[in-house]
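# Fold and contact review
Spelled out, the chains give:
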Amino acid sequence: RTLERSLGLSLGELACRAAGVSMQAVRHTGKIRVAAVPITSGEGVITHFSQSLAAIAQSLGFAAEATGHSDVAGMAEAYQRRFDIVLASDDDLFCAINLRSGKVIDNSKATARGFVHGLAALAGGLEGKPVLVLGCGPVGRAGIEAIVELGGRVSVYDPDPQRCREVLQAHANAGIQVMGDMEE
């Protein structure tokens, strides 16, 4: 509700903008079955994380639930029960896997695109507007890509100068400005 009041967009509308799909896609979500699979590797299961993912998917209209099993058994359960999409996360990757198409979306990219499209909604578009990105990790890099797509003027800061150089190389013609320090 806060998101809707602030942006004038529902979570579903923001997700559609970020994904580049029409709201028509949202009307069919009730037929799409989503399984959130608990993963125990690395630091282990975050209490109720899979249930929270399923609740978010349900709020978007998907038929969603957390699997009864974790890890490979949970993946097998999702496949055997013919879920369409699997949500899973470990220490290295948080992703959605479309079992129908075989596509995988990294949450870093999805999160970045959601933030950028939310910012664009708040700012009345990003064309020609300055946008500062703090951090050139996976979310920052995906955010930079989305800002450039929407015509924003990107400035970046990361305490690791190598990350900034990599961003400049990846977007050589985008006119990205690197800030030398936080004060700048």
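Here, the structure is the one placed above.
Reading the values: the criteria
- Residues numbered from 1 in each chain as written.
- Predicted model: local features only at pLDDT ≥ 70, side-chain atom pairs only at ≥ 80, totals over all residues.
- Heavy atoms only, no water.
- Salt bridge = Lys/Arg side-chain N within 4 Å of Asp/Glu carboxyl O.
- Buried < 20%, exposed > 50% of the residue type's maximum accessible area, 1.4 Å probe, protein only.
- Helix = DSSP H or I, 4+ residues; strand = E, 2+ residues; numbered from the N terminus.
- Pairing = 2+ DSSP bridges.
- Axes fitted to C-alpha atoms, helices over the stretch in contact; angles between N-to-C directions.
- Contact = heavy atoms within 4.5 Å.

Turning next to the pattern of salt bridges. Applying the stated rule across the entire model yields 6 salt bridges. Put simply, Arg81 and Glu77 hold a salt bridge, and the shortest N to O gap is 3.1 Å. Taking the relative accessible area as the measure of exposure, Arg81 reaches 33% and is therefore partly exposed. Asp84 is paired through a salt bridge with Arg100; the nearest N and O atoms lie 2.8 Å apart. Of this pair, Asp84 sits in the loop between helix 4 (71–80) and strand 3 (85–89) while Arg100 sits in the loop between strand 4 (94–98) and strand 5 (104–106), and the two are 16 residues apart along the sequence. For Asp84, a relative accessible area of 8% translates into the label buried. Among the residues examined, Arg100 registers a relative accessible area of 63% and is labelled exposed. Linked by salt bridges that have partners in common, Glu65, Glu77 and Arg81 make up one network.

Before going further, it helps to examine the sheet that holds strand 5. Hydrogen bonds along the backbone pair up the strands of a sheet, which may run parallel or antiparallel. The strand order across the open sheet built from 5 strands is 2-1-3-4-5, with neighbouring strands paired in mixed fashion. Either end of the sheet is taken by a strand with one partner, and the two such strands are strand 2 (63–66) and strand 5. Strand-to-strand twist across the sheet, computed as the mean angle between neighbouring axes with direction ignored, equals 20 degrees. The strands that helix 3 (residues 49–59) touches are strand 1 (33–37), strand 2, strand 3 and strand 4; relative to strand 2, the one it contacts most, it runs at about 175 degrees. The strands touched by helix 5 (residues 107–123) are strand 4 and strand 5; relative to strand 5, the strand with the most contacts, the crossing angle is about 60 degrees.

The values reported here are purely geometric and, on their own, carry no functional implication.
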